[in-house]
Amino acid sequence: MSEVLTLLKPRIWPLKHRGFANNNHGGMIKVFFFGAIGALFWGGIFALSLRVLYYFKGIEDIGDILGYKLLSMILIISFALLIFSSILTSLSKLYLSRDLYLVHSMPVSSYKIFLSRWIDSTIDSSWMVMVFTLPVFIAFGIIYHASLFYYANTLLCLLSLTINASAVSTMLVMVAVIAIPANRMKSIFILMGIFFFVVLYLAIRLLRPELLVDPEVFDTVLVYITSLQTPASPFLTSTWAYDSIQAALSGSVRTGMFHNALSWSFAGTATFILIIASNAIYFKGFSKTQTAAVRVFKKGTAIERCFSFLPGPVKSFTVKEIKTFLRDQTQWTQIFLLAALVVIYVYNFKVLPLEKSPIKTIYLQNLFSFLNMGLALFVLTAISARFAYPAVSQERQAFWLVKTSPLSLKTFLWIKFFIYYLPLLILTEILIVVTNVMLHVTPFMMALSTITVFFLVPGIVAMGIGLGAAYPDFKAENPNQTVTSFGGLVFMIVCAGYIGLIIVIEAGPVYNLFMADIRGKTLSLATWIWIIGSFSLTFALSLIAIAFPMRFGEKRLAKLLI
């Protein structure tokens, strides 16, 4: 066990010394800044959970049933997220990390190396899910006046749920790597991405969350209550955690301890089997990972011919960027997550019960269309944070080649911009058009939303490239680490402010134009001046959002010493 702790020390030391060592005031500011943002999100989740549970508790007869149904949904969704997150993290930590060459050269057994890496992977893949679900469970304890046993029992349940999810997903990864080396796992990623998206989607749909707010679909109250009380599968570890937490909320200590012990017994068994399996197949899978990758692109391919009109250095960097993206396995998993996000986004608009609203449908449809611009742009921001923001950091230690090349940094950044701009523009316009068609909006709102998105997309992408160049992280092993840095948080905040400002500026003029069109009235000269000024200001802000971040990123990147 001492060898495992020694292997974990390189992970512990940076956490101990980063930010506060050697009077690093910049690091302290970042820590407090991130802490404040996290505390705000944590407090918001807690307040919302408290409000929802308080409302459920006030409903006679079925209030507790609704609360327990919500608890079951939270646990099964958390378990699905933990499974998927652990698959991605364990593959990176166990097979693709750059320091594994050094670690495996040490005089330590392979299963001990595996165990230290698995512990590291488990922490990385689960801490955020656990931290941001805790306020929900605390809210349950407050509303149901739970004892101290409930809080201790809940922590143990969540910990066992984390270990179970990590053990199951890591076993799947080890078996998959034996069949297909980790550096050639595009096919297995496609399979896993589709599989886990389908599982998560079916889990949510089988729980039927709409039953919590729409009892009218049932013939009687008895059928409604019976549907809410439908038990989950007894073979899921999330079910054991739910039974234990529910028993603790009800004051049944013995039942809560029994289901908790059941979950921990599975965690111990799964860990034991995982260590035995790792001793047999982990190093074999790691050795397979070191085989040379298949050359996917050859000289004179269609990609190179498509950009033959560009000057030599520009063409070379453009083709290199596209090939790098297509060869990176981690990008493929994110594409499937993106596809899942888009499908869920569009599906939510399809099932909107507009006809049940007391507001006239035509007003509600166009109101949703206007707000949909902001939602689609927030989706674009999340996608840009994953793809556009890490684009410069993905050069890693090879960035010195960029600085010594005949290509200027300005041209280098604009190449990055255009490579991501066109696909993201097409994606966002498709989202807007498809959802507007589902909402049956007026031609005016259709034109307004598509044009507004057309002008805002380049600003958001430019912020991603520019701020990614201003705050690069060339030591990050994968783009996820880059996004969670200080610069990534700045990018998300700036984009959110930019989108919110544009929505506020356009809200008044759009309302006046829409109502004048519906009522057949003529707008005054002063109103037209206000409308033209607002849209002109939007256009000017869009230009600033494109030019300023790119210039800022170029200046910061030029000062960087490699």
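What you are looking at is a predicted structure, and each value in this text was computed from that prediction instead of being measured.

S.K.: When you look at the confidence of the model for the protein in this model, what are you seeing that I'm missing?
M.R.: Counting all residues, the mean pLDDT for the protein is 77, and 73% of those residues have values of 70 or more. The model gives residues 217-225 a pLDDT under 50, and that stretch makes 12 contacts with residues more than four places away or in other chains.

S.K.: Where do I start with helix α17 (residues 443-470) in this structure?
M.R.: Residues spaced three or four apart along an α-helix point in a common direction, a consequence of the helix completing one turn every 3.6 residues. The first and last C-alpha atoms of α17 sit 41 Å apart over 28 residues, in line with the 40 Å expected at 1.5 Å per residue. Bending of α17 peaks at approximately 25 degrees at the position of Leu-456, with proline Pro-458 no more than four residues after it. Here α17 lies mainly inside the structure; 21 of its 28 residues are buried.

S.K.: Explain unusual backbone geometry here, please?
M.R.: For residues besides glycine, phi is generally negative; the peptide bonds are generally trans as well. You will see that His-145, though not glycine, has its phi angle at about 55 degrees, which is positive. Tracing the sequence through the fold places His-145 in the loop between α5 (110-143) and α6 (148-179). In this structure His-145 comes out as exposed when scored by relative accessible area, which is 70%.

S.K.: I tried to follow the side chain of His-259 on my own but got confused; where do I start?
M.R.: By the element assignment, His-259 lies in helix α10 (residues 253-289). Residues contacting His-259, with those up to four places away along its chain left out, are Trp-240, Asp-243 and Ser-244.

S.K.: What is the right way to look at α5 in this model?
M.R.: Across its 34 residues, α5 extends 48 Å between first and last C-alpha, which sits within 8% of the 50 Å expected from 1.5 Å per residue. Ser-126 marks where α5 bends most, by close to 45 degrees. Of the residues trailing α5, His-145 is marked for its positive phi of about 55 degrees.

S.K.: Honestly, the packing of helix α3 (residues 63-96) against α10 in this entry has me stumped. Any pointers?
M.R.: Working note: a packed helix pair is described by the angle between its axes plus the distance between those axes. Between α3 and α10, the shortest axis-to-axis distance is 10 Å and the interhelical angle comes to 80 degrees. Classified by the angle between their axes, α3 and α10 sit roughly perpendicular to one another. Here α3 contributes Leu-94, Tyr-95 and Leu-96 to the contact with α10, which in turn contributes Tyr-282, Gly-285, Phe-286 and Thr-289. A breakdown of the residues in the contact of α3 with α10 according to their chemical character gives 5 nonpolar, 2 polar and no charged.

S.K.: What exactly am I supposed to notice about the nonpolar core here?
M.R.: Nonpolar side chains tend toward joint burial in soluble globular proteins. Residues Phe-412, Leu-413, Tyr-420, Val-461, Ile-465 and Leu-557 are the most contacted members of the largest nonpolar core, which totals 61 residues. Secondary structure elements with two or more residues in this core: α12 (312-327), α14 (361-387), α15 (399-404), α16 (409-439), α17, α19 (486-519) and α20 (525-558). Considering each element in turn, this core owes the most residues, 14 residues, to α16. For Phe-412, the residues in contact, after removing those within four places along its chain, are Phe-317, Val-392, Glu-395, Phe-399, Val-402, Leu-407 and Leu-557.

S.K.: Would you take a moment to explain a nonpolar patch on the surface for this structure?
M.R.: A cluster of nonpolar side chains, contributed by Ile-451, Phe-454, Phe-455, Phe-539 and Leu-543, occupies part of the molecular surface with about 450 Å² of accessible area. Mapped by element, the contributors of at least two residues to the nonpolar patch are α17 and α20. Sorting elements by how many residues they give to the nonpolar patch places α17 first, with 3 residues. Here Phe-455 is to be found in helix α17. By relative accessible area, Phe-455 is classed as partly exposed at 32%.

S.K.: Would you take a moment to explain the environment of Leu-91 for this structure?
M.R.: Here Leu-91 lies in helix α3. For the pair Leu-91 and Met-174, spaced 83 residues apart in the sequence, the C-alpha separation amounts to 8.4 Å.

S.K.: Quick question: what am I supposed to make of the packing of aromatic side chains here?
M.R.: Pairs of aromatic rings are described using the distance from one ring centre to the other and the angle between the two planes. Considering all chains together, one arrives at 16 aromatic pairs under this definition. Pairing Phe-455 with Phe-539 gives two aromatic rings, centres 5.4 Å apart and planes at 90 degrees, and the pair type is edge-to-face. Pair noted here: Phe-455 is in helix α17 and Phe-539 is in helix α20, with a separation of 84 residues, a long-range link. A residue is classified by how much of its surface remains accessible, and Phe-539, at 40% relative accessible area, is partly exposed. Residues Tyr-471 and Phe-552 carry aromatic rings whose centres are separated by 6.5 Å and whose planes lie at 55 degrees to one another, so their mutual orientation is tilted. Within this pair, whereas Tyr-471 is found in the loop between α17 and α18 (479-483), its partner Phe-552 is found in helix α20, the two being separated by 81 residues in sequence. For Tyr-471, a relative accessible area of 25% gives the class partly exposed. Aromatic rings pair up to connect Trp-414, Phe-417, Phe-418 and Tyr-421 into one cluster.

S.K.: Help me understand the packing of α6 against α10, please; the structure alone is not making it clear to me.
M.R.: Look at α6 against α10: their axes get within 8 Å of each other, and the N-to-C directions meet at 25 degrees. The angle between α6 and α10 falls in the class roughly parallel. For the pair α6 and α10, the sense of crossing is left-handed.

S.K.: Looking at this structure, I do not really get the side chain of Ser-393. What am I missing?
M.R.: Mapped onto the elements of the fold, Ser-393 is located in the loop between α14 and α15. At a separation of 2.9 Å, a polar atom in the side chain of Ser-393 contacts the main-chain amide nitrogen of Asp-473. Once you skip the residues sitting within four places of it in the chain, Ser-393 turns out to touch Gly-468, Pro-472, Asp-473, Phe-474 and Thr-482.

What counts and how
Residues numbered from 1 in each chain as written. Predicted model: local features only at pLDDT ≥ 70, side-chain atom pairs only at ≥ 80, totals over all residues. Heavy atoms only, no water. pLDDT = per-residue confidence, 0-100. Contact = heavy atoms within 4.5 Å. Helix = DSSP H or I, 4+ residues; strand = E, 2+ residues; numbered from the N terminus. Expected span 1.5 Å × (residues − 1). Bend = angle between axes of the 7 residues up to and from the residue. Buried < 20%, exposed > 50% of the residue type's maximum accessible area, 1.4 Å probe, protein only. Axes fitted to C-alpha atoms, helices over the stretch in contact; angles between N-to-C directions. Parallel < 35°, antiparallel > 145°, perpendicular 65-115°, else oblique. Nonpolar A, V, L, I, M, F, W, Y, C, P; charged D, E, K, R; others polar. Core = buried A, V, L, I, M, F, W, Y, C linked by side-chain atoms within 4.5 Å. Patch = residues over 30% accessible without salt bridge, like charges linked within 9 Å, V, L, I, M, F, W, Y side chains within 5 Å. Areas by Shrake-Rupley, 256 points an atom, 1.4 Å probe, with all protein chains shown as cover. Salt bridge = Lys/Arg side-chain N within 4 Å of Asp/Glu carboxyl O. Phe/Tyr/Trp six-rings, centres within 6.5 Å; stacked < 30°, edge-to-face > 60°. Left-handed = near helix turned anticlockwise from the far one by under 90°. Polar contact = N/O pair within 3.5 Å; in protein donor to acceptor, adjacent residues only side chain to side chain.

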